[in-house]
Amino acid sequence: MKVRAIMGALCAAGLMCGAAAAQAAEQVEVLHWWTSGGESKAIGVLKDDLQKQGYVWKDFAVAGGAGAAAMTALKTQVIAGNAPSAAQIKGPLIQDWASQGVLVNIDSAATDWKKELPPEIDKIMHADGHYVAAPFSVHRVNWLYINKAALDKAGGKVPTTWAEFFTVADKMKAAGIQPIAMGGQPWQDLTLWEDVVLSQGADFYKKALVDLDQKTLTSPQMAQVFDTVRKIQGYFDSGRTGRDWNLATAMVINGKAGMQFMGDWAKGEFANAGKKSGSDYICAAVPGTEKAYTFNVDSFVFFQQKGQSAATPGQLALAKTIMSPGFQEQFSLYKGSIPVRLGVSMAKFDDCAKKSYADEQAAIKAGGYVPSLAHGMAQADATAGAISDVVTKFMNSQEDTKTAVEALAKAAKTK
Ligand code: GAL
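The model shown is predicted, which means the values in this text are computed figures rather than measured ones. (Residues numbered from 1 in each chain as written. Predicted model: local features only at pLDDT ≥ 70, side-chain atom pairs only at ≥ 80, totals over all residues. Heavy atoms only, no water.)

Quick word on the overall build of the protein
Working step 1: Assigned secondary structure in the protein consists of 20 helices and 13 strands.
Working step 2: For the protein, the C-alpha radius of gyration of 22 Å lies close to 22 Å, the compact-globule estimate for 415 residues.
Working step 3: Seen through its C-alpha atoms, the protein measures out along the principal axes to roughly 80 × 45 × 40 Å.
Working step 4: For the protein, buried positions account for 55% of its 415 residues.
Working step 5: In the form shown here, the protein has an accessible surface area of approximately 17200 Å², with 56% of it arising from carbon and sulfur atoms.
Working step 6: Across the protein, the centroid of the 42 positively charged side chains sits 2 Å from that of the 40 negatively charged ones. (Helix = DSSP H or I, 4+ residues; strand = E, 2+ residues; numbered from the N terminus. Rg over C-alpha atoms; globule rule 2.2 N^0.38 Å. Buried < 20%, exposed > 50% of the residue type's maximum accessible area, 1.4 Å probe, protein only. Areas by Shrake-Rupley, 256 points an atom, 1.4 Å probe, with all protein chains shown as cover. Lys, Arg positive; Asp, Glu negative; His and termini not counted. Charge placed at Lys NZ, Arg CZ, Asp CG, Glu CD.)

Structural data, given as structure tokens:
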């Protein structure tokens, strides 16, 4: 009786009611790789929201951009029978994990999602007709970030073609500024390379990296892609080996370098450093890609927990929160992305996010909306990994273009 009375009082005070009180202690373990300044702020919003709902957040963060290390840690955990409640998984990998029979569906948290999500993205969140993943936001990958003061000092203008890009890079060099800040991990190499593929046109990108068309992969245009990448490399500094993406972003933030090719999670770093788009830095589409948009949609999948046959209340709360309009807005403001949920107001967003949104809509209409290969949206792991190996080998050796193109065509056949 006494306990009931206490619970009743708590409930009346709006603190804990019935089922919520019983769930209060559920621990939700979340595996992700969001550890940079902007990324941690963004995932912190989810943690706070969940804790407000009475759940215990157990952070399982595995550092390493684009998640290679996180994915290795996840496999180990699942094999050991200790799957986390939720993990950051995206694109075709969602289907892979679902086919292992280790995920739970979150249909009951997703009753209105069909009308709240773009159809292309809604489809990715499904396996066997059920929702198994919750999407966070849309990142555009094909961005070039430019330090405004460096551009002004060099007397350059924002490049829209590769010829203009090399002119700006030369001017920066002449002005004593390191033209490009580049990190040194395979996924960063692949991010730049896919940007250059996209600059040959969205159709070329689709044929090469989505359809894996052999004729396109071995075309003279593809050779040109490798040649352009080689030329861009001439503007890197010598210290990029092993460098994390956010350290390269920091070089642009503090004026040590002029430009960086990176998806708009980099904008989360600029925002976190108190920098303003337009006056401190410029976000521009990668030269030659203004009308196209490589998308990268982060999501969480939910693993079946020991002794449970369905999603737990904590997992459902997590899924619901991720797709709630308030969270969608605040997360993207910190993360540099735009909300994936349709109809969320863009009023509080900066010019770069507004441009991302407008360019996204235009690209969808014009057929220029394509999945990022470097960020796990275009191909299954094995294929993407084989292509990534070819690109990284090329970029970290003196390999000639002909050899790289042949290796690429072969890698694209990897299943
Ligand atoms: C991407 C991920 C982004 C960002 C980036 C760098 O793959 O989708 O959200 O975190 O890696 O870590």
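Regarding the nonpolar core
Working step 1: One finds Leu46, Phe300 and Leu318 to be the most contacted residues of the largest nonpolar core, which totals 67 residues.
Working step 2: It is strand β11 (residues 293–302) that provides the largest number of residues to this core, a total of six residues.
Working step 3: Counting 55 residues, the second-largest nonpolar core is a separate cluster that includes Leu212, Val225, Met259 and Ala378. (Core = buried A, V, L, I, M, F, W, Y, C linked by side-chain atoms within 4.5 Å.)

Brief notes about the site of the ligand
Working step 1: If you check the shell around the ligand, you find 13 residues, and the closest are Glu39, Lys90, Asn296, Asp298 and Lys335.
Working step 2: Measuring from an oxygen atom of the ligand, one finds a side-chain N or O atom of Glu39 at 2.5 Å.
Working step 3: Take Lys90: an N or O atom from its side chain is 2.7 Å from an oxygen atom of the ligand.
Working step 4: Protein contact buries 100% of the 300 Å² of open area that the ligand shows by itself.
Working step 5: Put simply, the ligand lies in the largest cavity.
Working step 6: Residue composition of the shell around the ligand, grouped by class: five nonpolar, four polar and four charged.
Working step 7: When residues are assigned to domains, the shell around the ligand turns out to be shared by domain 1 (27–140 + 296–339) and domain 2 (143–294 + 374–411), each giving three or more. (Near = heavy atom within 4 Å. Polar contact = N/O pair within 3.5 Å; in protein donor to acceptor, adjacent residues only side chain to side chain. 1 Å grid on protein atoms, 1.4 Å probe; cavity = no way out; pocket = protein on both sides within 12 Å on 5 of 7 lines; lining within 4 Å. Sits in = over half its atoms within 2 Å of the grid points. Nonpolar A, V, L, I, M, F, W, Y, C, P; charged D, E, K, R; others polar. Domains from an automatic or database assignment.)

Some thoughts on the state of the cysteines
Working step 1: Enumeration over the complete set of coordinates arrives at one disulfide.
Working step 2: What pairs with Cys283 in a disulfide is Cys352, and their sulfur atoms sit 2.1 Å apart. Here the disulfide of Cys283 and Cys352 is left-handed, its torsion about the S-S bond being about -105°. One end of the pair, Cys283, is in strand β10 (residues 281–285); the other, Cys352, is in helix α18 (residues 351–366), and 69 residues separate them in sequence. Assigned by exposure class, Cys283 and Cys352 land together as buried. (Disulfide = S-S within 2.5 Å.)

A word on empty space enclosed by the protein
Working step 1: In this structure the tally under the stated criterion is one cavity of 30 Å³ or more.
Working step 2: In this model, the largest cavity occupies a volume close to 90 Å³.
Working step 3: Forming the walls of the largest cavity are 15 residues, and the residues nearest its centre are Trp33, Glu39, Ala66, Trp265 and His375.
Working step 4: Partitioned by chemical class, the residues of the lining of the largest cavity number six nonpolar, five polar and four charged. (Points joined across faces, edges and corners; volume = space filled by probe spheres on them.)

Re the domain arrangement of the protein
Working step 1: Taken as a whole, the protein is organised into domain 1 (27–140 + 296–339) and domain 2 (143–294 + 374–411).
Working step 2: The gap between the C-alpha centroids of domain 1 and domain 2 is 28 Å.
Working step 3: Contacts between the two partners involve 22 residues from domain 1, matched on the other side by 24 residues from domain 2.
Working step 4: Between domain 1 and domain 2 lies a buried interface of about 2000 Å² when both sides are counted; carbon and sulfur atoms form 53% of it.
Working step 5: Looking only at domain 1, the three residues that lose the most surface to domain 2 are Pro92, Arg140 and Asn296, adding up to 37% of its buried area.
Working step 6: Where domain 1 packs against domain 2, one counts eight residue pairs in polar contact (both at pLDDT 80 or more).
Working step 7: Breaking the side of domain 1 that touches domain 2 down by element, the ones donating at least two residues are α3 (37–52), α5 (92–99), β6 (133–140), β11 and α17 (325–335). (Contact = heavy atoms within 4.5 Å. Buried area = accessible area lost by both parts, 1.4 Å probe.)

Focus: the sheet that holds β10
Working step 1: Strand order in the open sheet made by the four strands is β8-β9-β7-β10, with mixed pairing throughout. Two strands close off the open sheet at either side, each with one partner strand: β8 (178–180) and β10. On average, adjacent strands in this sheet sit at an angle of 15° to one another, irrespective of strand direction.
Working step 2: Examined bridge by bridge, β8 and strand β9 (residues 257–261) share two bridges and lie parallel to one another. Paired with Ile180 across the bridge in β9 is Met259.
Working step 3: Helix-sheet contacts for helix α9 (residues 162–174) involve β7 (143–147), β8 and β9, and the interaxial angle to β9 is about 150°.
Working step 4: In the packing of helix α14 (residues 245–253) onto the sheet, contacts are made with β7 and β9, and the angle to β9 comes to roughly 140°. (Pairing = 2+ DSSP bridges. Axes fitted to C-alpha atoms, helices over the stretch in contact; angles between N-to-C directions.)

Regarding the side chain of Ser199
Working step 1: For Ser199, the position within the fold is in the loop between α10 (186–198) and α11 (202–210).
Working step 2: For Ser199, the side chain forms a polar contact with the side chain of Trp162, separated by 2.9 Å.
Working step 3: Once you skip the residues sitting within four places of it in the chain, Ser199 turns out to touch Trp162, Pro287, Gly288 and Thr289.

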